[in-house]
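Structural overview
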Amino acid sequence: MAESRRGPLKSAVPSNLVSLVRRCSRTACGRPAVATLTYVYADSTAVLGPLATYAEPHCYDLCSEHSERLTAPRGWEVVRLATDTGPVRPSGDDLEALANAVREAARPQERPRSGPGPRDIDPLEVARRGHLRVLRSPEP
């Protein structure tokens with residue numbers, strides 16, 4: 001354990017396991033976060049929306065109590081996007097789309113056996129790398 005001038009540093013997490021639940025950014029609030037607050041300084045707008053997928057350095061996660069009581073400075077507008085405070089569960093459509101994407105990615109790519117056909121030849125194409133093509137500059 002590391003030492004500081006004030007004594008040994010204590011871990012912010014009391015156990016060896018890291019909590020998967022994001023907490024409210026407000027000082028001394030340990031409730032689970034349900035919404036994310038971002039500021040658009042150019043428009044003097046505070047945007048409160050659903051909990052972001054990833055914790056961003058310039059965004060603030062808020063619990064339901066702090067998100068309901070949120071106020072903005074004078075002259076600023078608060079935009080509240082629809083939030084669902086219930087647990088988010090993948091739908092059948094989401095799972096099916098994910099399964100189809102995995103199947104498609106695992107499927108071997110078919111390559112033409114006799115070389116490119118007439119419609120595949122581009123006179124400006126110099127080389128290919130995956131889906132990217134290197135093209136020669138057109139002659140004026």
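Read on for an overview of the structure. Since the structure is predicted, the reported quantities are computational estimates derived from the model, not experimental observations.

1. Thoughts on the overall build of the chain
- A count of helices and strands for the chain gives 2 helices and 8 strands.
- In the chain, the succession of helices and strands from N to C terminus is β-β-β-β-β-α-β-α-β-β.
- Looking at the chain as a whole, 13% of its 140 residues qualify as buried.
- Across the chain, the fraction of contacts at a sequence separation of at least 24, relative to all contacts at a separation of at least 6, is 46%.
- Summing over all exposed atoms, the chain offers an accessible surface of approximately 12600 Å²; the carbon and sulfur share of this is 54%.

2. Some thoughts on the sheet that holds strand β4 (residues 45-50)
- The strand order β5-β3-β4-β6 describes an open sheet built from 4 strands, whose pairing is mixed. Either end of the sheet is taken by a strand with one partner, and the two such strands are β5 (60-62) and β6 (77-80). Ignoring strand direction, the axes of neighbouring strands in this sheet form an average angle of 25 degrees.

3. Quick notes on the packing of aromatic side chains
- Per the stated rule, a full pass over the model turns up 4 aromatic pairs.
- Considering the side-chain rings of Y41 and W76, the 5.8 Å spacing of their centres and the 85 degrees angle between planes classify their relative orientation as edge-to-face. Residue Y41 is located in the loop between β3 (35-40) and β4, and its partner W76 is located in the loop between α1 (64-68) and β6; the two are separated by 35 residues in the primary sequence.
- Following the ring pairs from residue to residue traces out a cluster consisting of Y39, Y41, Y60 and W76.

4. A word on the side chain of D61
- Topologically, D61 is positioned in strand β5.
- Take D61: its relative accessible area is 9%, and that puts it in the buried class.
- Other than its neighbours up to four places away in sequence, D61 contacts R22, R23, C24, S25, A33, A35, T36 and L51.

Definitions and limits used
Residues numbered from 1 in each chain as written. Predicted model: local features only at pLDDT ≥ 70, side-chain atom pairs only at ≥ 80, totals over all residues. Heavy atoms only, no water. Helix = DSSP H or I, 4+ residues; strand = E, 2+ residues; numbered from the N terminus. Buried < 20%, exposed > 50% of the residue type's maximum accessible area, 1.4 Å probe, protein only. Contact = heavy atoms within 4.5 Å. Areas by Shrake-Rupley, 256 points an atom, 1.4 Å probe, with all protein chains shown as cover. Pairing = 2+ DSSP bridges. Axes fitted to C-alpha atoms, helices over the stretch in contact; angles between N-to-C directions. Phe/Tyr/Trp six-rings, centres within 6.5 Å; stacked < 30°, edge-to-face > 60°.

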